[in-house]
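Residue-level structure breakdown
As a plain string of letters, each chain reads:
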Amino acid sequence: PVIRPTPAEFADLGTYLGSVAKLGQMHGALRVIPPEGYRARLSYEGADTLIRCFGSQSAEGECGLYQLSVEEAGSMYLSDLQRLLSESDHHDCSKWSEDPRAAEIEFWRTLGTGAPSVY
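Residues numbered from 1 in each chain as written. Predicted model: local features only at pLDDT ≥ 70, side-chain atom pairs only at ≥ 80, totals over all residues. Heavy atoms only, no water.

Details of the overall build of the protein chain
Each helix and strand counted, the protein chain has six helices and six strands in total. Each helix and strand of the protein chain, placed in order from N terminus to C terminus, yields the pattern β-α-α-α-β-β-β-β-β-α-α-α. A burial count over the protein chain gives 15% of its 119 residues as buried. Pairs at least 24 residues apart make up 43% of the contacts formed inside the protein chain by residues separated by at least 6 positions. Element-wise, carbon and sulfur atoms account for 53% of the exposed surface of the protein chain, whose accessible area totals about 9,700 Å². (Helix = DSSP H or I, 4+ residues; strand = E, 2+ residues; numbered from the N terminus. Buried < 20%, exposed > 50% of the residue type's maximum accessible area, 1.4 Å probe, protein only. Contact = heavy atoms within 4.5 Å. Areas by Shrake-Rupley, 256 points an atom, 1.4 Å probe, with all protein chains shown as cover.)

Here's the deal with the confidence of the model for the protein chain
Across the protein chain, the average pLDDT comes to 79, with 82% of residues at or above 70. The lowest-confidence element of the protein chain is helix α5 (residues 94-98), averaging 63 in pLDDT; the highest-confidence one is strand β1 (residues 2-3), averaging 94. (pLDDT = per-residue confidence, 0-100.)

Quick word on the environment of E71
Tracing the sequence through the fold places E71 in strand β5 (residues 65-72). A relative accessible area of 52% means that E71 is categorised as exposed. C-alpha of E71 to C-alpha of S58: the two residues are 13 residues apart in sequence and 8.5 Å apart in space.

Brief notes about the packing of aromatic side chains
The tally for this structure, following the rule as stated, stands at one aromatic pair. Geometrically, the ring pair formed by F10 and Y38 is edge-to-face, given 4.9 Å between the ring centres and 70° between the ring planes. Taken together, the residues F10 in helix α1 (residues 7-11) and Y38 in the loop between β2 (31-32) and β3 (50-51) connect sequence positions 28 residues apart. Judged by relative accessible area, F10 falls into the buried class, the value being 17%. (Phe/Tyr/Trp six-rings, centres within 6.5 Å; stacked < 30°, edge-to-face > 60°.)

Written out as C-alpha coordinates, the structure is:
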(Lines give C-alpha, C1' and ligand atoms only; values in the text may rest on other atoms or scores of the structure.)
Protein backbone atom coordinates (compact mmCIF):
# COMPACT_ATOMS: atom_id res chain seq x y z
CA PRO A 1 0.00 0.00 0.00
CA VAL A 2 1.01 3.60 -0.61
CA ILE A 3 0.51 6.11 2.18
CA ARG A 4 0.68 9.89 1.78
CA PRO A 5 1.06 11.64 5.15
CA THR A 6 0.15 15.29 5.50
CA PRO A 7 2.97 17.75 6.34
CA ALA A 8 1.91 17.63 10.03
CA GLU A 9 1.91 13.80 10.06
CA PHE A 10 5.23 13.72 8.24
CA ALA A 11 6.79 16.07 10.81
CA ASP A 12 6.23 13.33 13.42
CA LEU A 13 6.72 10.34 11.15
CA GLY A 14 7.34 7.84 13.97
CA THR A 15 3.93 8.51 15.52
CA TYR A 16 2.25 8.43 12.12
CA LEU A 17 3.85 5.10 11.19
CA GLY A 18 2.72 3.72 14.55
CA SER A 19 -0.84 4.66 13.65
CA VAL A 20 -0.69 2.72 10.37
CA ALA A 21 1.41 -0.18 11.70
CA LYS A 22 -1.40 -2.73 11.31
CA LEU A 23 -1.62 -1.91 7.61
CA GLY A 24 2.13 -2.50 7.27
CA GLN A 25 1.95 -5.76 9.22
CA MET A 26 -0.89 -6.98 7.06
CA HIS A 27 0.95 -6.30 3.79
CA GLY A 28 4.59 -6.62 4.89
CA ALA A 29 5.63 -3.14 3.75
CA LEU A 30 4.36 0.36 3.11
CA ARG A 31 5.46 2.89 0.55
CA VAL A 32 5.60 6.38 2.05
CA ILE A 33 5.22 9.32 -0.33
CA PRO A 34 6.42 12.55 1.34
CA PRO A 35 4.18 15.62 1.19
CA GLU A 36 4.53 18.10 -1.65
CA GLY A 37 7.50 20.40 -1.14
CA TYR A 38 9.51 17.97 1.01
CA ARG A 39 13.24 18.08 0.28
CA ALA A 40 15.57 15.39 1.62
CA ARG A 41 18.81 16.48 3.21
CA LEU A 42 21.77 16.48 0.85
CA SER A 43 24.28 15.29 3.43
CA TYR A 44 24.52 13.77 6.88
CA GLU A 45 27.65 15.80 7.59
CA GLY A 46 27.38 17.33 11.03
CA ALA A 47 24.50 15.07 12.06
CA ASP A 48 25.35 12.68 14.88
CA THR A 49 22.39 10.33 14.76
CA LEU A 50 21.84 7.78 17.50
CA ILE A 51 21.55 4.28 16.05
CA ARG A 52 19.34 2.37 18.46
CA CYS A 53 19.73 -1.35 19.08
CA PHE A 54 23.02 -1.62 17.23
CA GLY A 55 23.71 -5.28 16.48
CA SER A 56 26.70 -7.56 16.23
CA GLN A 57 26.59 -10.42 13.73
CA SER A 58 28.60 -13.64 13.69
CA ALA A 59 28.44 -16.96 11.84
CA GLU A 60 29.57 -20.33 13.16
CA GLY A 61 29.59 -23.75 11.55
CA GLU A 62 31.33 -25.86 8.96
CA CYS A 63 30.81 -27.96 5.83
CA GLY A 64 28.29 -25.56 4.35
CA LEU A 65 26.02 -25.48 7.42
CA TYR A 66 26.29 -22.23 9.36
CA GLN A 67 24.30 -20.59 12.11
CA LEU A 68 24.01 -16.84 11.92
CA SER A 69 23.77 -15.07 15.26
CA VAL A 70 22.76 -11.46 15.70
CA GLU A 71 23.19 -10.00 19.15
CA GLU A 72 21.95 -6.64 20.34
CA ALA A 73 24.92 -4.49 21.26
CA GLY A 74 23.15 -1.41 22.61
CA SER A 75 23.04 1.98 20.94
CA MET A 76 25.79 3.84 19.13
CA TYR A 77 26.15 7.30 17.62
CA LEU A 78 26.91 7.55 13.92
CA SER A 79 30.21 9.32 14.68
CA ASP A 80 31.31 6.35 16.85
CA LEU A 81 30.41 3.89 14.09
CA GLN A 82 32.34 5.93 11.51
CA ARG A 83 35.36 5.98 13.83
CA LEU A 84 35.20 2.18 14.30
CA LEU A 85 34.93 1.62 10.57
CA SER A 86 37.85 3.93 9.84
CA GLU A 87 40.00 2.02 12.35
CA SER A 88 39.01 -1.39 10.93
CA ASP A 89 41.39 -3.40 8.74
CA HIS A 90 38.40 -4.38 6.59
CA HIS A 91 36.94 -1.00 5.69
CA ASP A 92 38.64 -0.72 2.29
CA CYS A 93 36.35 -2.54 -0.11
CA SER A 94 37.87 -1.03 -3.28
CA LYS A 95 39.80 -4.25 -3.94
CA TRP A 96 36.52 -6.21 -4.03
CA SER A 97 34.77 -3.89 -6.47
CA GLU A 98 37.26 -4.84 -9.19
CA ASP A 99 36.92 -8.59 -8.61
CA PRO A 100 33.52 -9.66 -7.24
CA ARG A 101 34.48 -13.33 -7.52
CA ALA A 102 37.45 -12.76 -5.19
CA ALA A 103 35.10 -11.05 -2.71
CA GLU A 104 32.77 -14.05 -2.80
CA ILE A 105 35.65 -16.47 -2.25
CA GLU A 106 36.90 -14.36 0.69
CA PHE A 107 33.39 -14.25 2.17
CA TRP A 108 33.03 -18.05 2.14
CA ARG A 109 36.64 -18.59 3.24
CA THR A 110 36.23 -16.47 6.38
CA LEU A 111 32.66 -17.49 7.26
CA GLY A 112 32.57 -19.15 10.66
CA THR A 113 36.20 -18.36 11.50
CA GLY A 114 35.39 -15.40 13.74
CA ALA A 115 37.08 -13.05 11.25
CA PRO A 116 35.04 -10.03 10.13
CA SER A 117 32.95 -10.93 7.11
CA VAL A 118 33.18 -9.27 3.72
CA TYR A 119 29.81 -7.94 2.52
